[in-house]
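Geometric and topological summary
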Amino acid sequence: MTHDPRTALLHAALEAAEHGWHVFPLRPRSKRPALHGEKACTRTGPCAHGHLKWEQRATTDPDRIRAAWSHAPFNVGIATGPSGLLVVDLDTPEHKGSWDAPDGATTFEALCERAGHAVPHTYRVRTTSGGTHLYFTTPDGVRLASTAGTVAASVDTRAWGGYVVGAGSILPTGTYEPLSGPETAAVPSWLLSILQPAPKPSQVPSTAALGQSRRYADVALANETRNVATAQVGEREATLFRAARALGRFVAWGDLPRHVVEQALQEGGETAGLTAAECRSTLRSALNWSITHNQGQRNAA
């Protein structure tokens, strides 16, 4: 028995909306949005008061969904931010241009083990490239951005500013297939700690004198080192990662020498029970990222 693709995809879009996920049409057999771009916008209909992009037009309204999917067998796009979702994209290394690296699923499992937890049981979808999407709900009031490679190689995330192709969608290479029931777990606390942005430079008073800034940095160093040293099992690596990102800005601004930060956090991490190698690896990547992203930003506001 064959099924009409348009009917099947409409059902997939309505089912996603029933979970509170905001959907929008993707071009048939494609990952690209089917909505018009800003240059082609006529400023009519939904865009009467200004052009609306796919994230703004995504909806859970079944009438709007039926109207949209009546025109073509559109694939299903899920706007993760408005849906209150964080989707972890576990990719395959060849999809990233590498054949000798571990895949995203292996890397994510290792991260979970180092955080002291098993891979969470949550709604998951197999992609047509052989990867997996893990769906998590985000806490109220927390706004996460999408990331690429921030968590680990071949591990991307989709939140605000991003979308995923929903289950049931059809590409030339296959169909996105659900691998579990629809129950969606909350974002693990250790992952949330990694993904939440470091405090903005504007939180440091831009008018403070150099001596005051360095005293502020010294206090921050002491506080973050104490947080790392007293972190509980399951939170240690995420706490170390977050501390290194927070303190990296003081290194970038010249308030703290890098070796002082590394030594303090290394000792704190080992006191908490992490190995020396785990501390060095986490510190290196987190400090490099923070220093790069905070150079020249002290007075930005």
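Residues numbered from 1 in each chain as written. Predicted model: local features only at pLDDT ≥ 70, side-chain atom pairs only at ≥ 80, totals over all residues. Heavy atoms only, no water.

Turning our eyes to something else, we now look at the side chain of S30. Topologically, S30 is positioned in the loop between β1 (22-26) and α2 (54-57). When neighbours within four sequence positions are excluded, S30 is seen to be in contact with N75, I170 and L171. (Helix = DSSP H or I, 4+ residues; strand = E, 2+ residues; numbered from the N terminus. Contact = heavy atoms within 4.5 Å.)

Further remarks concern the state of the cysteines. Scanning the entire structure with this criterion turns up 0 disulfides. For the unlinked cysteine C47, the closest cysteine sulfur is that of C41, found at 3.8 Å. (Disulfide = S-S within 2.5 Å.)

Time to look at the packing of helix α7 (residues 236-252) against helix α8 (residues 258-272). Relative to each other, α7 and α8 sit at 165 degrees, their axes nearing to 11 Å. Here α7 lies roughly antiparallel to α8, going by the angle between them. Our pair here, α7 against α8, has a crossing hand that is right-handed. Contacts between α7 and α8 pair R236, L240, A243, A244, L247 and V251 from the former with R258, V261, L265 and A272 from the latter. Tallied by class, residues from the contact of α7 with α8 come to 8 nonpolar, no polar and 2 charged. (Axes fitted to C-alpha atoms, helices over the stretch in contact; angles between N-to-C directions. Parallel < 35°, antiparallel > 145°, perpendicular 65-115°, else oblique. Left-handed = near helix turned anticlockwise from the far one by under 90°. Nonpolar A, V, L, I, M, F, W, Y, C, P; charged D, E, K, R; others polar.)

One pass over the full model with this rule turns up 3 salt bridges. For D63, the salt bridge identified is with R66, shortest N-O distance 3.6 Å. Placement of the pair is D63 and R66 together in helix α3 (residues 62-69), with a separation of 3 residues, close to one helical turn. Notably, a salt bridge pairs E262 with R258, separated by 2.9 Å at the nearest N-O pair. A residue pair is termed a helical-turn pair when its members lie 3 or 4 positions apart in one helix, as E262 and R258 do in helix α8 at 4 residues. Accessibility expressed as a relative area gives 26% for R258, which makes it partly exposed. (Salt bridge = Lys/Arg side-chain N within 4 Å of Asp/Glu carboxyl O. Buried < 20%, exposed > 50% of the residue type's maximum accessible area, 1.4 Å probe, protein only.)

The next subject is the nonpolar core. In terms of nonpolar packing, the biggest core is built from 43 residues, with L86, V88, F108, W190, L191, V261 and L265 touching the most fellow members. Looking at which element gives the most residues to this core, the answer is α7, with 8 residues. With sequence-adjacent residues up to four places away left out, W190 is seen in contact with F108, L111, C112, A115, H117, G234, E235 and A238. By size, the runner-up hydrophobic cluster in this structure holds 29 residues, among which are L14, W54, W69 and Y123. (Core = buried A, V, L, I, M, F, W, Y, C linked by side-chain atoms within 4.5 Å.)

Residues shown with low pLDDT carry predicted positions that ought not to be read at fine detail. Per-residue confidence for the protein gives a mean pLDDT of 86; residues scoring 70 or more make up 88%. Note that pLDDT drops below 50 for residues 201-209; the model gives that stretch 14 contacts with residues more than four away or on any other chain. (pLDDT = per-residue confidence, 0-100.)

This paragraph deals with the packing of aromatic side chains. Overall, the coordinates contain 9 aromatic pairs when judged by the stated rule. Here F24 and W54 contribute two aromatic rings whose centre-to-centre distance is 5.2 Å and whose plane-to-plane angle is 25 degrees, an arrangement assigned as stacked. Linking F24 in strand β1 with W54 in helix α2, this pair joins segments that are 30 residues apart in sequence. Here F24 and W54 have matching classes, each one buried. On the basis of an interplanar angle of 85 degrees and a centroid distance of 5.7 Å, the ring pair of F250 and W253 is categorised as edge-to-face. With respect to class, F250 is no different from W253; both count as buried. Taken together, W21, Y123 and Y135 form an aromatic cluster joined through their ring pairs. Over the aromatic face of W160 sits the side chain of R143, whose NZ or CZ is 3.9 Å from the ring centroid. (Phe/Tyr/Trp six-rings, centres within 6.5 Å; stacked < 30°, edge-to-face > 60°. Lys NZ or Arg CZ within 6 Å of the ring centre and 35° of its normal.)

Attention now goes to unusual backbone geometry. Look at R29: it is not a glycine, yet its phi comes out positive at around 60 degrees. Relative to the helices and strands, R29 is located in the loop between β1 and α2.

With that out of the way, let us pick up the layout of surface pockets. To find leftover empty space, a probe the size of one water molecule is rolled over the atoms. If you add up the space inside the largest pocket, you get close to 340 Å³. Forming the boundary of the largest pocket are 20 residues, of which A12, E15, A167, G168 and P178 lie nearest the centre. Ranked by the residues each element gives to the lining of the largest pocket, the list is headed by helix α1 (residues 5-18), at 7 residues. Partitioning the lining of the largest pocket into residue classes produces 14 nonpolar, 5 polar and 1 charged. (1 Å grid on protein atoms, 1.4 Å probe; cavity = no way out; pocket = protein on both sides within 12 Å on 5 of 7 lines; lining within 4 Å. Points joined across faces, edges and corners; volume = space filled by probe spheres on them.)

With that out of the way, let us pick up the pairing of strand β3 (residues 85-90). For β3, a buried count of 6 out of 6 residues is recorded, marking the element as mostly surrounded by other parts of the structure. What you see with β3 is no split at all: L85, V87 and D89 on one side and L86, V88 and L90 on the other are buried throughout. Alignment of β3 against strand β5 (residues 132-137), held across 6 bridges, turns out to be antiparallel. Bridge pairing in β5 places L90 opposite T132. As defined by bridge partners, β3 adjoins strand β7 (residues 155-158) across 4 bridges and the pair is classed as antiparallel. Its bridge partner being in β7, L90 is matched across the sheet by V155. (Pairing = 2+ DSSP bridges.)

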